[in-house]
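If you want the building blocks of each chain, they are given just below.
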Amino acid sequence: MTADTARSATEALALELLGIPSVIRNEHAIADFCEAWLRERKVYGVVRAGENLAVQPRPFREGVPRVLLLGHLDTVPKSDENPARLEGDKIYGLGASDMKCADAVLMRICERAVQEQSRYDIAGVLYAREEGPYQESGMPEI
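Residues numbered from 1 in each chain as written. Predicted model: local features only at pLDDT ≥ 70, side-chain atom pairs only at ≥ 80, totals over all residues. Heavy atoms only, no water.

Asks: Could you give me a rundown of the pattern of salt bridges, with the residues and numbers involved?
Replies: On inspection of all chains with the given rule, the structure shows 14 salt bridges. The partner of Lys78 in a salt bridge is Glu81, with the nearest N and O atoms 2.9 Å apart. Look at Glu81 and you get exposed, because its relative accessible area is 64%. Asp89 serves as the salt-bridge partner of Lys90, at 3.7 Å between the closest nitrogen and oxygen. Given the relative accessible area of 46%, Lys90 is considered partly exposed. (Salt bridge = Lys/Arg side-chain N within 4 Å of Asp/Glu carboxyl O. Buried < 20%, exposed > 50% of the residue type's maximum accessible area, 1.4 Å probe, protein only.)

Now the structure itself:
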């Protein structure tokens, strides 16, 4: 896989995530998508609690440092028309910079960790309701 191929796959996944509306408290569809996508890639484990996901691409190894990647699935409410799109080398859309493009990177890292053993053990969390009050965050659920 070349860098261009990896970038294209990551861009495609980011655009797909951007196409799934997930305004805070409405993360069910994107959680379903992410869970199915990760399971299709044969990750070692996915745990779902509400609209929150924890993923472990491979079994943890004793003595190997662990890296936890965190992202959230929700966006702020829509304030204007900002459709998901790729313009040159930039991706635009509601949630592009916070946080769906980073979620795509997190998911692709998990996919790669299934295929190639890293010098670190990787785990990821994608959680709901980050954009609101902490008391409503999905983080404690997962």
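There's plenty left to go through after this.
Asks: If you had to explain the nonpolar core to someone new, which residues and values would you point to?
Replies: Counting 22 residues, the largest nonpolar core has Leu13, Leu17, Phe33, Cys34, Leu38, Met107 and Leu126 as the members making the most contacts within it. Among the elements that line this core, the one with the most residues is helix α2 (residues 28-40), at six residues. Setting aside anything within four residues of it in sequence, one finds Met107 in contact with Leu13, Leu17, Cys34, Trp37, Leu38 and Leu126. (Core = buried A, V, L, I, M, F, W, Y, C linked by side-chain atoms within 4.5 Å. Helix = DSSP H or I, 4+ residues; strand = E, 2+ residues; numbered from the N terminus. Contact = heavy atoms within 4.5 Å.)

Asks: How would you summarise the state of the cysteines if you had to cite specific residues and measurements?
Replies: Within the structure shown, the criterion is met by zero disulfides. For the unlinked cysteine Cys101, the closest cysteine sulfur is that of Cys34, found at 13 Å. Cys110 forms no disulfide, and the closest cysteine sulfur to it belongs to Cys34, at a distance of 11 Å. Given the relative accessible area of 0%, Cys110 is considered buried. (Disulfide = S-S within 2.5 Å.)

Asks: Just give me the short version of the sheet that holds strand β3 (residues 66-72), but keep the residues and values in it.
Replies: Taking strand neighbours across the sheet as the criterion, the four strands line up as β1-β2-β6-β3 in an open arrangement whose pairing is mixed. Each edge of the open sheet is held by one strand with a lone partner, namely β1 (45-49) and β3. Within this sheet the neighbouring strands show an average axis-to-axis angle of 15°, counted without direction. Here three bridges tie strand β2 (residues 52-56) to strand β6 (residues 121-127), and the two strands are oriented antiparallel to one another. In the strand pairing of β6, Ala54 is matched with Val125. Lying over the sheet, α2 contacts β1, β2 and β6, oriented at roughly 165° with respect to β1. Where helix α3 (residues 96-115) meets the sheet, its contacts fall on β2, β3 and β6, and the angle it forms with β3 comes to roughly 145°. (Pairing = 2+ DSSP bridges. Axes fitted to C-alpha atoms, helices over the stretch in contact; angles between N-to-C directions.)

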